Amino acid sequence: MSDKVYRASTTAPVNIAVVKYWGKRDAKLNLPTNSSLSVTLSQADLRTLTTASCSASFPASEGDSLLLNGEPSDISGARTQACLRELRSRRAALEAADPSLPKLSTYPLRLVSENNFPTAAGLASSAAGFAALVRAIANLYELPASPSELSLIARQGSGSACRSLFGGYVAWRMGDKADGTDSMADQVAEASHWPDMRALVLVVSAAKKGVSSSSGMQQTVATSGLFRERIATVVPENMAIMEKAIAEKDFEKFAEVTMRDSNSFHATCADTYPPIFYMNDVSRAAIRAVEAINEKAGRTVAAYTFDAGPNAVIYYQEKDTEAVVGTFYHVLQGADIGGWKSADIKGLKPTIS
Ligand code: PMV
């Protein structure tokens, strides 16, 4: 038996949606009730680094394992297992076609992942996590898979993960097939298309979120009337306006849709029974601060958005850094809110520490 260890490493960035995915039409396959669109943030600040290794010498009794931020992590969940199964079966097909290939698909996998930001705090850690996991194993197995094909697999781990396989501006098209083979991500524009775009991440709380996105979605789909309106008309309109705004680099439109869509998503959460609140008082203060910044500037220079947690992401353009970052810094300096973290989509970090 060979004791050769095969290994591959990759990183995947976080993405923050400007038109939110919220609701599953098939929970097993992670098929969404609506399309969504996100901006992939810079790897410099928010990313997962994953190394996948396998060897015939790894004891079969150990099975597959994952070390996440240095701690053993449970990978027996259906979503992770679906990703591993898909990747193994693609590798097995290659091995069947070329018997000279080592039978990596039969070896136990050891996965080691590290996030450089708080896990499960509404900072899309599962998106970067599953995107990195899928790509690391695909590289290890030398699968000839395009980012779109990998997005189909990552989607089964965490819906939003499918968007982290691309940089820049990324749409996840919901698709309409029952087997999910058309529910995948595609790139709407490269990051370089809009080099001025920046995102500021305000870490309001690094604690784990109260209601997981899966159970929040389930409750919303089951009990919110507002949600039906959101998926029927609000999101399709927002997707169309957003794609046009990105193509035309129209920040005012981009910002308006971003804020409206975040508000709409959180309104459906408040409309569930019992209601779900992801934002807190500091989140609402951030909304007011953005409104004050825009009012003072006399035009829309900043846009807020919130995922399933209290942390704010503020989109702005570099030329407005002073008005946006400067004001936030001065307003919140000294406030006991757990600290700032910043990221942009190009690798330049606004300096606020
Ligand atoms: O990928 P999940 O299951 O963690 O869901 C993410 C949902 C939101 O972050 C709230 C919205 C989105 O589109 O990313």
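Here the structure is shown first, and the text comes after it.
Analysis parameters
Residues numbered from 1 in each chain as written. Predicted model: local features only at pLDDT ≥ 70, side-chain atom pairs only at ≥ 80, totals over all residues. Heavy atoms only, no water. Helix = DSSP H or I, 4+ residues; strand = E, 2+ residues; numbered from the N terminus. Buried < 20%, exposed > 50% of the residue type's maximum accessible area, 1.4 Å probe, protein only. Contact = heavy atoms within 4.5 Å. Areas by Shrake-Rupley, 256 points an atom, 1.4 Å probe, with all protein chains shown as cover. Pairing = 2+ DSSP bridges. Axes fitted to C-alpha atoms, helices over the stretch in contact; angles between N-to-C directions. 1 Å grid on protein atoms, 1.4 Å probe; cavity = no way out; pocket = protein on both sides within 12 Å on 5 of 7 lines; lining within 4 Å. Points joined across faces, edges and corners; volume = space filled by probe spheres on them. Nonpolar A, V, L, I, M, F, W, Y, C, P; charged D, E, K, R; others polar. Salt bridge = Lys/Arg side-chain N within 4 Å of Asp/Glu carboxyl O. Near = heavy atom within 4 Å. Polar contact = N/O pair within 3.5 Å; in protein donor to acceptor, adjacent residues only side chain to side chain. Domains from an automatic or database assignment. Phe/Tyr/Trp six-rings, centres within 6.5 Å; stacked < 30°, edge-to-face > 60°.

**Q** Sorry if this is basic, but what is going on with the overall build of the protein here?
**A** Helix and strand counts for the protein stand at eight helices and 15 strands. Of all 353 residues assigned to the protein, the portion counted as buried reaches 51%. Partitioning the intrachain contacts of the protein with sequence separation of at least 6 by distance along the chain shows that 74% fall at a separation of at least 24. On the protein, roughly 14,900 Å² of surface is accessible, and the fraction owed to carbon and sulfur atoms is 54%.

**Q** Looking at this structure, I do not really get the sheet that holds strand E10 (residues 169-173). What am I missing?
**A** In sheet architecture, strand pairing relies on hydrogen bonds along the backbone and comes in two forms, parallel and antiparallel. What the four strands build is an open sheet, ordered E2-E5-E10-E11; its pairing is antiparallel. Since the sheet does not close on itself, it has two edges, and those belong to strand E2 (15-19) and strand E11 (184-189), each with one partner. Geometrically, the sheet is characterised by an average inter-axis angle of 35 degrees between neighbouring strands, direction not taken into account. As paired strands, strand E5 (residues 36-40) and E10 are joined by four bridges and run antiparallel to one another.

**Q** Quick question: what am I supposed to make of the layout of surface pockets here?
**A** Empty pockets left among the atoms are what a rolling probe the size of a water molecule brings to light. Volume-wise, the second largest pocket comes out at about 180 Å³. Of the residues in the lining of the second largest pocket, the class split is four nonpolar, one polar and four charged.

**Q** What's the story with the pattern of salt bridges in this structure? I'm lost.
**A** Here the structure, examined in full by the defined rule, presents 15 salt bridges. The shortest N-O distance in the salt bridge between Glu243 and Arg173 comes to 2.8 Å. Of this pair, Glu243 sits in helix H5 (residues 225-248) while Arg173 sits in strand E10; the two residues are 70 residues apart in sequence, bridging distant segments of the chain. Exposure remark for Glu243: the relative accessible area of 25% places this residue in the partly exposed category. Where Arg260 meets Glu256, a salt bridge forms, and the shortest distance between an N and an O atom there is 2.8 Å. Here Glu256 and Arg260 lie together in helix H6 (residues 251-270), a separation of four residues that amounts to about one turn.

**Q** What exactly am I supposed to notice about the site of the ligand here?
**A** Around the ligand sit 14 residues in total, of which Tyr21, Ser158, Ser160, Arg163 and Ser213 are the nearest. For the ligand, an oxygen atom lies 3.4 Å from a polar atom in the side chain of Ser126. Each residue belonging to the shell around the ligand can be placed in one class, and the counts come to six nonpolar, five polar and three charged. Three or more residues apiece are contributed to the shell around the ligand by two domains, here domain 1 (6-191) and domain 2 (197-344).

**Q** Teacher, can you tell me more about the pairing of E5 here?
**A** If a strand is regular, its side chains alternate between the two faces of the sheet. Counting buried positions over the five residues of E5 gives five, a clear majority of the element. The alternating pattern of E5 places Ser36, Ser38 and Thr40 and Leu37 and Val39 on opposite faces, both of which are buried. As paired elements, E2 and E5 share four bridges and run antiparallel to each other. Looking across to E5, one finds that Asn15 is bridged to Thr40.

**Q** Please clarify how the sheet that holds strand E9 (residues 109-115) should be interpreted in this entry.
**A** Taken in spatial order, the five strands of this open sheet run E1-E6-E9-E7-E8, and their pairing is mixed. Every interior strand has two partners, whereas the edge strands, strand E1 (6-13) and strand E8 (71-73), have only one. When strand polarity is set aside, the average angle formed by the axes of neighbouring strands in this sheet is 25 degrees. Seen against the sheet, helix H2 (residues 125-140) touches E1, strand E6 (47-54) and E9 and runs at an angle of roughly 150 degrees to E1.

**Q** Would you take a moment to explain the packing of aromatic side chains for this structure?
**A** Think of a pair of aromatic rings as described by two things: how far the centres are apart, and how the planes are tilted against each other in angle. For the structure shown, the criterion picks out nine aromatic pairs. Look at Trp22 and Phe265: their rings are 4.6 Å apart centre to centre, the planes differ by 50 degrees, and that puts the pair in the tilted class. Highlighted residues: Trp22 in the loop between E2 and strand E3 (24-26) and Phe265 in helix H6, separated in sequence by 243 residues. Judged by its relative accessible area of 3%, Trp22 is buried. Classification of Phe265 as buried rests on a relative accessible area of 2%. Ring geometry for Phe254 versus Tyr315: centroids 5.6 Å apart, planes at 85 degrees, classification edge-to-face. Residue Phe254 is located in helix H6, and its partner Tyr315 is located in strand E14 (residues 312-317); the two are separated by 61 residues in the primary sequence.

That is the geometry; function is a separate question.
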